[in-house]
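Residue strings, one per chain:
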Amino acid sequence: MTPTSSTELTLPAVAAASAGGAPGVAGDGGGRRTLAVGRRIVSKLLAAVLVLWGAATAAFAAQLALPGDRATVILNVRAGQAIQRTPEELAAINEQYGLTNPVVVQYLNYLGGLARGDLGASYQQYRPVWDVIGEQIGATFALTFTGIGLAWVLMVLWVTLTAGRRPQVRALGTFVETVTAGLPPYWLGIVLLLVFALGLGWFPVIGGSGLQGLLLPALTLAIPLAGFMGQATRSAFETALTQPFVISARMRGMGDLAVRLRHVLRHAVLPAVTLSGWALGATISGAVVVETIFTRPGIGKVLVAAVNSQDLPVVTGIVVVIAAAYVAANLLVDVAYTVIDPRLRTS
Amino acid sequence: MTATAPSTTPPVPPSDTATSTTPPRTRRVPRLRWSVALAVGVLAFFALAAIAPGLLATHAPTALDLTSSLRPPGVDHWFGTDESGRDLYSRVVFGTRESLSIGLGAAAVSLGLALVLGSLAALAGRFVSGSVNRLVEILFAFPTLLFALLLVAILGPSATTQIIAVGVGSAPGYARIVRGQILAARQSGYVEAATALGHPRGLILRQHIIPNAVRPLVAIFTLCVGQSIVWASSLSFLGLGVAPPSSEWGALLDAGRSYVTHAPWLIVIPGLVIVVLALAATTIGKDIQARLESGDE
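Small disclaimer: the values here were computed from a predicted structure and weren't measured. Along each chain, residue indices are assigned from 1 in the same order as the chain's sequence is written. Written order determines the labels here, with chains lettered from A and ligands numbered from 1. In keeping with the predicted nature of the model, local features appear solely for residues at pLDDT of at least 70, side-chain atom pairs appear and are counted solely at 80 or more, and the whole-chain, interface and lining totals rest on all residues.

A. Structural detail: the overall build of chain A. Each helix is a run of H or I in the DSSP string that is no shorter than four residues. Each strand is a run of E no shorter than two, and both are numbered from the N terminus. Across its full length, chain A holds 14 helices and zero strands. Start at the N end of chain A and walk to the C end: the helices and strands fall as α-α-α-α-α-α-α-α-α-α-α-α-α-α. Contact between two residues is assigned whenever their backbone-derived C-beta positions fall within 7 Å. Restricting to contacts in chain A with at least 6 residues of sequence separation, those with at least 24 account for 75%.

B. The arrangement of the overall build of chain B in detail. On a plain count of helices and strands, chain B comes out with 13 helices and zero strands. Counting across all 297 residues of chain B, residues that qualify as buried make up 47%. Across chain B, every contact between residues at least 6 apart in sequence was considered, and the portion connecting residues at least 24 apart equals 65%. In this scheme every C-beta is placed from the backbone, and a residue whose C-beta has 20 or more other C-beta atoms within 10 Å is buried, one with 12 or fewer is exposed, and one in between is partly exposed.

C. Summary view of the environment of Ser43(A). Relative to the elements of secondary structure, Ser43(A) occurs in helix α2 (residues 30-64). For the pair Ser43(A) and Asn76(A), spaced 33 residues apart in the sequence, the C-alpha separation amounts to 45 Å.

D. Layout of the confidence of the model for chain A. Residue and element names in this part refer to chain A. For chain A, mean pLDDT is 79; residues scoring 70 or higher make up 86% of the total. What pLDDT reports is the predictor's confidence in each residue, on a scale of 0 through 100. Ranking the helices and strands of chain A by mean pLDDT puts helix α6 (residues 129-162) first, with 89, and helix α1 (residues 7-17) last, with 36. Every residue in residues 1-28 is under pLDDT 50, and counting partners more than four places away or in other chains gives 43 contacts.

E. Fine view of helix α7 (residues 144-155) of chain B. Residue and element names in this part refer to chain B. Under the convention used throughout, the expected extent of a helix is 1.5 Å for every residue step, that is, one less than its residue count. Helix length check: α7, at 12 residues, gives a terminal C-alpha distance of 16 Å against a target of 16 Å (1.5 Å per residue), a fit within 8%. Every buried residue belonging to α7 is among Thr144, Leu145, Leu146, Phe147, Ala148, Leu149, Leu150, Leu151, Val152, Ala153 and Ile154, and all of these are buried. Where α7 terminates, the next one or two residues include Gly156, which has phi positive at roughly 80°.

F. Representation of unusual backbone geometry. Residues and elements named next belong to chain A. Positioned with a positive phi, Thr295 is a non-glycine residue whose angle comes to about 40°. Tracing the chain through its elements places Thr295 in the loop between α12 (270-293) and α13 (299-308). At Gln310, a residue that is not glycine, the phi angle is positive and equals roughly 55°. Along the polypeptide, Gln310 turns up in the loop between α13 and α14 (312-340). Exposure remark for Gln310: the 21 C-beta atoms within 10 Å place this residue in the buried category.

G. Region of interest: the interface of chain B and chain A. Tallying the contact residues gives 42 residues for chain B and 49 residues for chain A. Going through the elements one at a time, α6 (126-140), α7, α8 (159-186), α11 (216-237) and α13 (265-294) of chain B are the ones with two or more residues in the side of chain B that touches chain A. For this classification, the nonpolar set comprises Ala, Val, Leu, Ile, Met, Phe, Trp, Tyr, Cys and Pro, the charged set comprises Asp, Glu, Lys and Arg, and every other residue, Gly included, is treated as polar. Split into classes, the residues belonging to the side of chain B that touches chain A amount to 29 nonpolar, nine polar and four charged.

H. Quick peek at the nonpolar core. If you look at the biggest cluster of nonpolar residues, it comprises 170 residues, and the most contacted ones within it are Val315(A) and Leu149(B). Ala71(A), Ile74(A), Val77(A) and Tyr123(A) belong to the second-largest nonpolar core, a separate cluster that totals five residues. One nonpolar core equals one set of buried Ala, Val, Leu, Ile, Met, Phe, Trp, Tyr and Cys residues connected by C-beta atoms within 7 Å.

I. Looking closely at the environment of Val159(A). Residue and element names in this part refer to chain A. In this structure, Val159 sits in helix α6. Take Val159: there are 28 C-beta atoms within 10 Å of it, and that puts it in the buried class. Note: C-alpha distance between Val159 and Thr174 (15 residues apart in sequence) is 9.3 Å.

J. Layout of helix α3 (residues 70-79) of chain A. Residue and element names in this part refer to chain A. Of all the residues in α3, the buried ones are Ala71, Ile74, Leu75 and Val77. Summarising the axial view, the buried residues of α3 lie within an arc of 160°, below the 170-degree limit, and thus occupy one face. Looking at the buried positions of α3, the neighbouring elements they touch are α4 (87-97). The arc in question is the one traced by the directions running from the helix axis out to the C-beta atoms.

So, in structure tokens, the structure goes:
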């Protein structure tokens, strides 16, 4: 897992600068503020479109990158073996995929297709890539979103219980976070499977419908993510605990747990909100592995099979769809951020 | 990494007493010294295993012994045996060199790329830095493993592909870090002072910005090696890396997958080895980072 941007580093500074529980924005006129928010959103949207265009271009380039004549490659991928092809065979493929066109035309066609939601046709399965992905992607998103949700629950519980306590408890908290954040999904998944499905028999070993089948795979994704988000949240949590508004809340006679949940947590979760957008990408990486372990349906298995057979339209199609989801999630995170922290609306 | 081991212990007591006499401005996370020592020990073990596996192995890694196949871990076979009676511990030891090479190679590719992209993004003219920033943003939208899988699809599975795929796949994240570090160094007080003194740009860059931006990379490289081994073994686990006859750790995982139900140690133990190595690398990387930030080296 790669640590993300430096935004999280600046947060404590922001929090310290205007340490008030209430959204005390000294705004000058609502109109200008709305305008600023509007401009911010438009520029974010433009950036998102640019990223999508870049992702599509990279995907197109990847399809060209397979060595050798493309029509021959497509036929070989279909047959699963490399043989010399007759011109007639090649002509049919060239016709179908428009390979005789100049590259620029192919590129524009590809982009045009994407704009209409057409991801091209699978080399191997003789049908549109979107159909291949479409029937599987729901399962994958169900898994990743459950995973992110569970990670939040675990992370909030763990940090609220252990942050800012006695040194031993804090050391334990940090240690558990470091260890869990580094657990690779394949290993964690296998261990959970062995303990809870094979050992204790609480969960189905393979597949399983509904919530019961979803819980172990989702936990596999959630535990490392919770550890990772916990590391960022903990430092923000401990900074927030020393803020004046905490002292004043305690002076009003508020209990410790209530202070933590109502005042501190709100400040502390901001870095984790940023990470959640990024986490969508990370959990999808994990989902590919998890689906293989738990033999769950989903795009992970489709992807692995497609990589194996070099069915590039399917591979690039999945990559583009996931990149789009990532971009959308990060737009949402930006909006969520502004909602949670009103101070950012003016900046 | 082992070279830093002797120097890690001596400077600690003075710095600790120093912080107790002067009140610390920020609360320090209590450092677990024993964890760093343990991590250095773990890395030293794996370094030895990579250089001279024969010294550590108890059996020949390829010695078949069908009479003792699928034995659970015990006194004779510390990590148990596989379906052909090969000693898993010895296979892990002999697989270390390949696994570490892939991890180091991928980390080198990743940080090399990150250094180029990151410094262009931070130092080049407006047009170039803007475009590089956009490029990194685009690449960042591809999850690491998916990016790596895309490259495997093009290049075909092999150890070299693993190095390139994992290296390129994880580069965008590190590029952002490098860029942030260079920008932070450029906006620092000492650079401002040097500029005020009239030092030429090139000199400031060479003397102040680059050294200060590059030093933290030592820590990041250590973290990156651990992560790269995890990603590379994920590819092998999916059957898209080094193929099973090899005893590279990911390949051991892949081979052990078929025996999950009746010989779980074949997959749990190689996985645990990867976890331990990654954790050791993370611990040391974070320790170096903390040292650099607090100023004592």
